[in-house]
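Take a look at the letters that make up each chain.
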Amino acid sequence: MSDSTVKYTMQERDMPRYWYNVQADLPVPLAPALHPGTGKPLTPPDLAPLFPMALIMQEVSTERYIEIPDEVRDVYKLWRPTTLFRARRLEKALGTPAKIFYKYEGVSPAGSHKPNTAVAQAYYNKKEGIKRMSTETGAGQWGSALAFAGACFGLEVKVYMVRVSYDQKPYRRIMMEAWGAKCVPSPSPDTSVGRQMLAEDPKCPGSLGLAISEAVEDAMSREDTHYSLGSVLNHVLLHQTVIGLEAKKMMEEIGEYPDIIVGCVGGGSNSAGMFLPFLKDKLDGSKPNLRVVNVEPYSCPTLTKGPFAYDYGDSAKLAPIVKMYTLGHRYMPPPIHAGGLRYHGMSPIISHLLKLGYVEARAVHQLETFEAGILFARTEGILSAPETMHAIRAAIDEALVCKKTGEAKTILFNHSGHGHVDMNAYDAYLSGKLQNYEYPSEKVKEALADLPRVS
Ligand SMILES: *Cc1c(COP(=O)(O)O)cnc(C)c1O
């Protein structure tokens with residue numbers, strides 16, 4: 001009888017006990033992060049007003065494995081281990097000889113991979129006596145993940161949500177409130193940056209950069225409060241490796257190993273979380289042919305069009321200066337529905353690996369991502385987040401290459417989340433109103449003229 005298994009699972013007790021830290025295996029170390037005020041290399045005390053020491057040390061650690069605390073594993077158990085699927089119905093619809101696997105992170109309470117790090121961050125803050133966390137959110141995915149994590153450990157959470165999203169997307173705000181967090185539109189009257197902005201323009205629609213400034217000011221001005229970031233940073237990618245570690249173990253058990261790993265990238269955390277534990281085998285030479293494809297939107301093509309340069313993490317120049325692919329901290333991408341992929345920069349780890357030639361990058365248009373997302377919904381059933389559709393698009397394209405060449409490659413992609421709160425985006429596509437945005441090269445040129453000068 002031929003094997004027709006669709007779902008691969010794992011016992012709770014076999015869930016990973018350690019996160020994988022790629023900094024132990026990099027052939028060339030990462031460039032140091034710099035202080036946004038002085039331009040000098042950052043030291044742990046510089047970050048202490050914002051983050052707990054445990055996370056600051058993880059940020060620079062070169063230990064290969066870092067233990068997942070039992071308290072964090074206990075919360076992970078609410079939805080982890082997540083299922084590995086073989087997309088047999090999609091394979092059949094495509095008529096491809098390729099095997100397509102995906103790991104589904106949409107089963108977390110917030111509906112994406114983001115709670116993997118939110119829970120860990122809330123735990124370390126609680127352990128260091130912090131009572132309250134502040135953060136920013138664009139479309140609301142990160143804010144809702146941190147709100148859930150705050151509820152798990154009895155921490156107050158204050159979310160500054162970009163005004164336009166706050167008005168247009170009420171459901172994520174309601175999720176945050178259900179978990180007990182406070183969510184205000186940014187600019188808000190609660191901070192001096194916000195008040196200043198409101199005085200200039202009472203109808204200001206806000207931006208991610210401004211919301212970051214508010215959340216950072218909030219954390220800096222209170223002893224009991226720390227700031228939290230949902231992507232980009234090394235410790236965030238570290239926490240997300242739980243995805244790839246589970247996937248690797250599950251594939252090992254069925255005698256499979258991916259030829260190609262695909263993930264969508266905003267700040268890079270879900271893609272890296274999946275591929276890093278596998279990339280370890282490429283770094284040590286045992287899997288030299290493993291391919292890793294990071295997929296980004298055409299309208300925000302950080303990896304495919306940006307320079308590899310030192311830049312600020314946020315438009316307000318409050319976040320550290322890091323070496324990364326960037327379109328400039330002042331770049332405001334067009335309003336694509338994949339709000340989680342509208343970031344001007346990219347995680348230093350993915351940037352570094354691309355520069356060294358260990359991973360690839362590809363940009364795709366909004367319309368083709370929805371075309372792929374709808375085919376996925378009609379074959380595999382899941383209504384995916386617009387961000388995730390970028391990974392689905394590239395996985396399908398790789399499978400179609402196999403159809404041409406007749407090669408039965410094994411493709412693995414990370415399914416970063418469901419799209420149940422993105423029905424307006426589906427509506428726009430299904431009613432023919434969705435459009436593509438070209439790459440605004442003039443705007444990028446302007447933004448890139450304002451990179452920090454570092455020696
Ligand atoms: C936030 C988000 C992303 C992008 O963030 P990364 O840090 O690049 O992973 C992708 N997919 C979903 C569903 C998200 O919520």
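Residues numbered from 1 in each chain as written. Predicted model: local features only at pLDDT ≥ 70, side-chain atom pairs only at ≥ 80, totals over all residues. Heavy atoms only, no water.

Novice: With reference to specific residues and values, describe the side chain of aspartate 314.
Specialist: Relative to the elements of secondary structure, aspartate 314 occurs in the loop between β12 (308-312) and β13 (321-325). Among the polar contacts listed, one links the side chain of aspartate 314 to the backbone nitrogen of leucine 318, at a separation of 3.0 Å. Setting aside anything within four residues of it in sequence, one finds aspartate 314 in contact with Gly209, Ile212, Ser213, Ala319, His329 and His344. (Helix = DSSP H or I, 4+ residues; strand = E, 2+ residues; numbered from the N terminus. Polar contact = N/O pair within 3.5 Å; in protein donor to acceptor, adjacent residues only side chain to side chain. Contact = heavy atoms within 4.5 Å.)

Novice: Go over the site of the ligand, please, and point to the residues and values.
Specialist: Looking at the ligand, there are 19 residues lining it, with Lys114, Ser231, Gly266, Ser269 and Asn270 nearest. For the ligand, an oxygen atom lies 3.2 Å from a polar atom in the side chain of glutamine 141. A distance of 2.8 Å is found between an oxygen atom of the ligand and a backbone nitrogen or oxygen belonging to glycine 268. Relative to its unbound accessible area of 390 Å², the ligand is 98% covered by the protein chains. Elements that contribute at least two residues to the shell around the ligand include exactly α12 (269-283) and α16 (386-405). Of the residues contributing to the shell around the ligand, the split by class is four nonpolar, 13 polar and two charged. (Near = heavy atom within 4 Å. Areas by Shrake-Rupley, 256 points an atom, 1.4 Å probe, with all protein chains shown as cover. Nonpolar A, V, L, I, M, F, W, Y, C, P; charged D, E, K, R; others polar.)

Novice: Tell me about the pairing of strand β10 (residues 260-264), residues and numbers included.
Specialist: In terms of burial, β10 is largely enclosed, as five of its five residues are buried. Relative to strand β11 (residues 291-297), β10 runs parallel, the two being bridged by five bridges. Paired with glycine 263 across the bridge in β11 is asparagine 294. Summarising the sheet, β10 and strand β15 (residues 410-415) pair through three bridges and their orientation is parallel. (Buried < 20%, exposed > 50% of the residue type's maximum accessible area, 1.4 Å probe, protein only. Pairing = 2+ DSSP bridges.)

Novice: Talk me through the sheet that holds strand β8 (residues 182-186); I want residue IDs and the actual numbers.
Specialist: Hydrogen bonds between backbone atoms are what pair the strands of a sheet, whose relative direction is either parallel or antiparallel. Spatially, four strands are ordered β8-β7-β6-β9 in an open sheet, and the strand pairing comes out parallel. This sheet does not close on itself; its edge strands, each paired only once, are β8 and β9 (225-227). When the angles between neighbouring strand axes are averaged without regard to direction, this sheet yields 25°. Packing of helix α10 (residues 208-220) onto the sheet brings it into contact with β6 (132-137), β7 (156-162), β8 and β9, and relative to β6 it is tilted by some 170°. (Axes fitted to C-alpha atoms, helices over the stretch in contact; angles between N-to-C directions.)

Novice: Go over a nonpolar patch on the surface, please, and point to the residues and values.
Specialist: A cluster of nonpolar side chains, Met53, Met57 and Val60, forms an exposed patch at the surface whose accessible area comes to about 260 Å². Structurally, valine 60 can be placed in helix α2 (residues 53-60). By relative accessible area, which is 52% here, valine 60 ends up exposed. (Patch = residues over 30% accessible without salt bridge, like charges linked within 9 Å, V, L, I, M, F, W, Y side chains within 5 Å. Salt bridge = Lys/Arg side-chain N within 4 Å of Asp/Glu carboxyl O.)

Novice: Could you give an account of the packing of helix α5 (residues 115-127) against helix α11 (residues 234-253), naming the residues involved and the relevant values?
Specialist: Running from N to C, α5 and α11 point in directions that differ by 125°, and their axes come no closer than 8 Å. For the element pair α5 / α11, the angle class is oblique. In the crossing of α5 with α11, the sense of the turn from one axis to the other is right-handed. Contact residues: Asn116, Thr117, Ala120, Gln121 and Tyr124 in α5; His235, Val236, His239, Gln240, Val242 and Ile243 in α11. A per-class count over the contact of α5 with α11 returns five nonpolar, six polar and no charged. (Parallel < 35°, antiparallel > 145°, perpendicular 65-115°, else oblique. Left-handed = near helix turned anticlockwise from the far one by under 90°.)

Novice: Quick one: what's the story with the domain arrangement of the protein, residue by residue and with numbers?
Specialist: One can read the domain layout of the protein as domain 1 (7-14 + 69-111 + 237-448) and domain 2 (23-50 + 114-227). The straight-line distance from the C-alpha centre of domain 1 to that of domain 2 is 23 Å. Roughly 3,200 Å² is buried in total at the junction of domain 1 and domain 2, and carbon and sulfur atoms are behind 68% of that figure. It is Ala110, His239 and Val421 that lose the most area in domain 1 upon contact with domain 2, and together they represent 16% of the buried surface on that side. The tally of links from domain 1 across to domain 2 stands at zero salt bridges. Here domain 1 is connected to domain 2 by 10 residue pairs in polar contact (both at pLDDT 80 or more). Of all the secondary structure elements, the ones that give two or more residues to the side of domain 1 that touches domain 2 are α3 (70-76), α11, α12, β12, β13 and α14 (348-355). (Domains from an automatic or database assignment. Buried area = accessible area lost by both parts, 1.4 Å probe.)

Novice: Give me helix α6 (residues 141-153): which residues, what numbers.
Specialist: In this model, α6 (13 residues) spans 19 Å end to end at C-alpha, consistent with the 18 Å of a helix rising 1.5 Å per residue. Counting buried positions along α6 yields 11 of 13 residues, so the element is predominantly enclosed. Every buried residue of α6 is listed here: Gln141, Trp142, Gly143, Ser144, Ala145, Leu146, Ala147, Phe148, Ala149, Gly150 and Phe153. If you follow the buried residues of α6, they end up packed against α3, α5, β6, β7, α8 (170-178) and α16. Positive backbone phi, at 65°, marks glycine 154, one or two positions downstream of α6. (Expected span 1.5 Å × (residues − 1).)

Novice: Summarise unusual backbone geometry; cite the residues concerned and give the values.
Specialist: Across the junction of arginine 80 and proline 81, the peptide omega takes the value -10°, indicating a cis bond. Among the secondary structure elements, proline 81 is positioned in the loop between α3 and β4 (84-86). A cis amide bond, omega 10°, links serine 186 with the succeeding residue proline 187. With respect to the secondary-structure elements, proline 187 resides in the loop between β8 and α9 (192-200). You will see that valine 232, though not glycine, has its phi angle at about 70°, which is positive. For valine 232, the position within the fold is in the loop between β9 and α11.

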